[in-house]
Each structure stands twice: as C-alpha cells, then as structure tokens.
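# Fold and geometry: a report
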Amino acid sequence: MIYADAASTTRLSQTALEKAFPFLRDSFGNPSSRHSLGVAAKRALEEARALIAESIGAEPEEIVFTSGASEANAWIISNVGGGKTDAETRRVGVGRVVASAIEHPSVRKMCEALKRRNVGVEYLPVDRDGIVSVDALKTTLAAARKGNVNLSTIMFANNEIGAIQPIEEIGALLRTFDVPFHTDATQAVGHIPLDVRNLNVDFLTASAHKFNGPKGMGFLFCRRGVAVLPILEGGGQERGLRAGTENVAGAVATAYALAENVANLAETTVKTRRITTEIVERLQTALPQGAFTVVGDEARRLPGTINLVFKDVRGDALVQILDLKGVCASTGSACSSGKTEPSPTALALGFSPEAAKSSVRLSFDRDNSPSDAAVVAEALAFAYRKITAAQRRQR
Ligand code: PMP
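Here goes a summary of the coordinates provided. (Residues numbered from 1 in each chain as written. Predicted model: local features only at pLDDT ≥ 70, side-chain atom pairs only at ≥ 80, totals over all residues. Heavy atoms only, no water.)

This structure, assessed with the given rule, holds one cavity of 30 Å³ or more. There is about 170 Å³ of room inside the largest cavity. Taken together, 18 residues make up the lining of the largest cavity; nearest its centre are H191, T272, G304, F364 and D365. For the lining of the largest cavity, the leading source of residues is helix α9 (residues 265–286), giving four residues. Of the residues assigned to the lining of the largest cavity, the class counts are six nonpolar, 10 polar and two charged. (1 Å grid on protein atoms, 1.4 Å probe; cavity = no way out; pocket = protein on both sides within 12 Å on 5 of 7 lines; lining within 4 Å. Points joined across faces, edges and corners; volume = space filled by probe spheres on them. Helix = DSSP H or I, 4+ residues; strand = E, 2+ residues; numbered from the N terminus. Nonpolar A, V, L, I, M, F, W, Y, C, P; charged D, E, K, R; others polar.)

What follows is the structure, given as structure tokens:
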C-alpha cells in the first residue's frame, strides 16, 4: 500500500511512541499531584511544552495544549465578542471578523456561527492560486471603523491545495490596524519552516496528527500579553485557560514528533517536492494534453501536497480505483469527503461546481519513498484511462 494522504493524517513517529509510552503506564501520575509520580508527570509535561515552544520560536508559557486544531480554532473564534453573553452580542452586534474564503470548516463554520450572533464576517477573496489578496485586506481594514475588526483569521497553508499565505506580510498589516491575528497553521507546522518571532501572529493553531504526532492532540500558541478567555474552567490547568487533567503521554508524543519533523524538514522537503513534481511530469507524459491541471503555484505551495483537477472525470471515481490499486488518496480534503457538494475552497478559486468535483489531492510526508511517485502516477493514469474508456463506451 502507498499512503498518499498525509494532509489527512500521518503515522505516529516511532520516537514519539517510545517517549510517550511510560506516561501511559508506569509513570501515570497526575501533573497536579504533589507526590513524586505527579512531579515526574508535571516535569514531562513542561519539557514537552518547552520542546514545542522551541520548535516554533515561542516561549513555553505561550503554548496551551488542546485536543487538536478544531478545538483551538473554535476557542479563538468564539472569543470574539469579548466575553459578552449571547443575548448582549445579538443586541449590539459586536465588531467584525475577517477570514479568508478558503478556511477549513473548523474555522468557516465557527465564523458562520458568529454571523448568527450578529457579528459581521467578511471572507477575503483568493486568486486562482489560492492566495489571499493583501490589497483586499487593506481595503477592508481601511473601510472598517477603528477598533471595529475584532479578529482576523487566515490559514497558513490550505488543506485542499496546499497554498501558503503570506502570513508575515498579512500580520504586519494587521498590526498597523491593531487587529488580533489568528492563523490556522495545521497544515504548516512541521511541514514548512515556521518561527512565530517573525510572523506577527497573536494566535496559531496546530494539530499533532498532521506532523506524525497522536490524534486528539494539538496546541494553541497564544502570544504573551494577548488576552484570551478560558475555554474550560475547573482545576486551573494550562494556566487557568483550559481546565482538565492533562494528556501527558499525548503532550510528550506531540513534542517529540514535532521536534523530529522540524529536524528533518530540509530533507523531507526535498523528497516530497521531488515526489509531487515527478507525479505531474509522469502524468503529463502518460495522459492526453489537457486531461488535468495542477492547482496553484508550485513556489507558494506545500512541498508535499498537490491537487489535480481532471477534465470530465470525477475525483471520487478516481480515488476509488486508486484505492483498489493500493494507493490511498483523497478528493479535495478528507474532512469534506463523503459529501457530494463541491468544496467552498474550489469554488473560491474560481472552479465550476463540476470541476470542483473532479479533483484529487495527493499528499506526502517523510514516511514516503521517492519510488512512490512512479507507482502513484501509474495508478492514477490507469484510473483515468479506465474511466474515460467507460465514458466512451457509453456514448
Ligand atoms: N485545520 C486544517 C487546515 C486542517 O487540515 C484540519 C484537519 N483536516 C483541521 C483544521 C482540524 O484538525 P483536527 O481534526 O485535528 O481538529
């Protein structure tokens, strides 16, 4: 089997598994306990926090563990409204949120929920490569009343097409307008170089299972001095921001997985970029001209993610044949698969609803081998020929 779906999830790192294992069994203490088992758990938790902080250029106290990116995204977006009750928010219509038109559903649906609470939400358009227009953002900010934009949330790298946004530039602009900036960096952390000291972001979310960590773990970077309301009240864990006994093993695994990915980043980037480039080259040779287009600009895309839009061939049909040939891939993104509606991301890029249903996403990480390119390209060419031959017979 060849796994070409790393943007959906990745395999747990062996190092992470080994480092975490003791905290599931023998070293099972509660980090809040004062006895030696508790102290050992607390030490491991704080070492994990420090390792994560170091991996992204943050301070340990700026990292809050969460259950993943969905939770962290929802937390920050639902903070808009400044802690006012729903009734108050509905009455006064608190502020505005500016997001990109291609956010992951965990951001977009939270923005839609804000709209229902009378918070204005503006979605910034993207170009054909999926890049947010900084000029459109500038126009929006200039038109808004000062202090009227409560949050901007713009993802770092897109999950369906891999487009990387100019986060540093966007952050610098938002700073001049004094607008808090959140970025969903789920597809970026552990996959491209990233240092929050240079990014002008206030909040950044990440999910461990996207960088060879465990599922159900993630973290929020929350810049020191930036106010945020707690997501869970209770025992005061995570500096009072997220109550609940900590997932020590999960935190340890997350930290070691991230550190390992960051240490191998240069090597992985060369390998995955070569795989995606080779697949495109092989398909260009194997398939008729115009059979497919590659979405986005290679220079502004994640090295390991490509999205191919096929002419008149459904993505779900291709993915099904790929699976029979032992290749795991996705249409658009796994989060929206199973539904037949075209993804809002593809529509925002200017694709017709039909073209939007004709895409296959291939994504690779450090577990892939360079030889996977030939196998995936051959399987995809086979699937395309099989479907188009059947279409010809039906005509
Ligand atoms: N944001 C992006 C960009 C993602 O790709 C994903 C996962 N598909 C999420 C958020 C949600 O992550 P999780 O499932 O870990 O909460």
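A few words on the packing of aromatic side chains. Under the criterion given, the structure shown has two aromatic pairs. With a centroid separation of 5.9 Å and an interplanar angle of 35°, the aromatic rings of F292 and F310 are classed as tilted. Remark: F310 occurs in strand β10 (residues 305–310) and F292 occurs in strand β9 (residues 292–294); sequence separation between them is 18 residues. Accessibility expressed as a relative area gives 11% for F292, which makes it buried. Here F310 falls in the buried class, since its relative accessible area comes to 3%. Judged by centre distance (6.0 Å) and plane angle (35°), the ring pair of F310 and Y384 falls under tilted. Of the two residues, F310 sits in strand β10 while Y384 sits in helix α13 (residues 372–394), which places them 74 residues apart along the sequence. The pair F310 / Y384 is uniform in exposure class, with both members buried. Three or more aromatic residues joined by ring pairs make a cluster, and in this case those are F292, F310 and Y384. Residue placement shows R128 over the ring face of F351; its charged tip is 4.4 Å from the ring centre. (Phe/Tyr/Trp six-rings, centres within 6.5 Å; stacked < 30°, edge-to-face > 60°. Buried < 20%, exposed > 50% of the residue type's maximum accessible area, 1.4 Å probe, protein only. Lys NZ or Arg CZ within 6 Å of the ring centre and 35° of its normal.)

For the structure shown, the criterion picks out 19 salt bridges. In this structure, R49 and E238 form a salt bridge, with 2.8 Å as the shortest nitrogen-oxygen distance. Of this pair, R49 sits in helix α2 (residues 36–56) while E238 sits in the loop between β8 (218–222) and α8 (248–263), and the two are 189 residues apart along the sequence. Like R49, the residue E238 is buried in the burial classification. R175 is the salt-bridge partner of D202, the closest N and O atoms lying 3.7 Å from each other. (Salt bridge = Lys/Arg side-chain N within 4 Å of Asp/Glu carboxyl O.)

Right, let's talk about the environment of S33 for a bit. Residue placement: S33 occurs in the loop between α1 (14–20) and α2. Apart from residues no more than four positions distant in its own chain, S33 is found in contact with G38 and V39. (Contact = heavy atoms within 4.5 Å.)

This part is about the site of the ligand. As a matter of local geometry, the ligand sits amid 14 residues, with S70, D184, Q187, S207 and K210 nearest to it. Taking S207, its side chain carries an N or O atom lying 2.5 Å from an oxygen atom of the ligand. Here the ligand, which alone exposes 400 Å², has 87% of that area covered by the protein. Among the elements that line the shell around the ligand, the one with the most residues is helix α3 (residues 69–78), at three residues. For the shell around the ligand, the residue count by class is three nonpolar, nine polar and two charged. (Near = heavy atom within 4 Å. Polar contact = N/O pair within 3.5 Å; in protein donor to acceptor, adjacent residues only side chain to side chain. Areas by Shrake-Rupley, 256 points an atom, 1.4 Å probe, with all protein chains shown as cover.)

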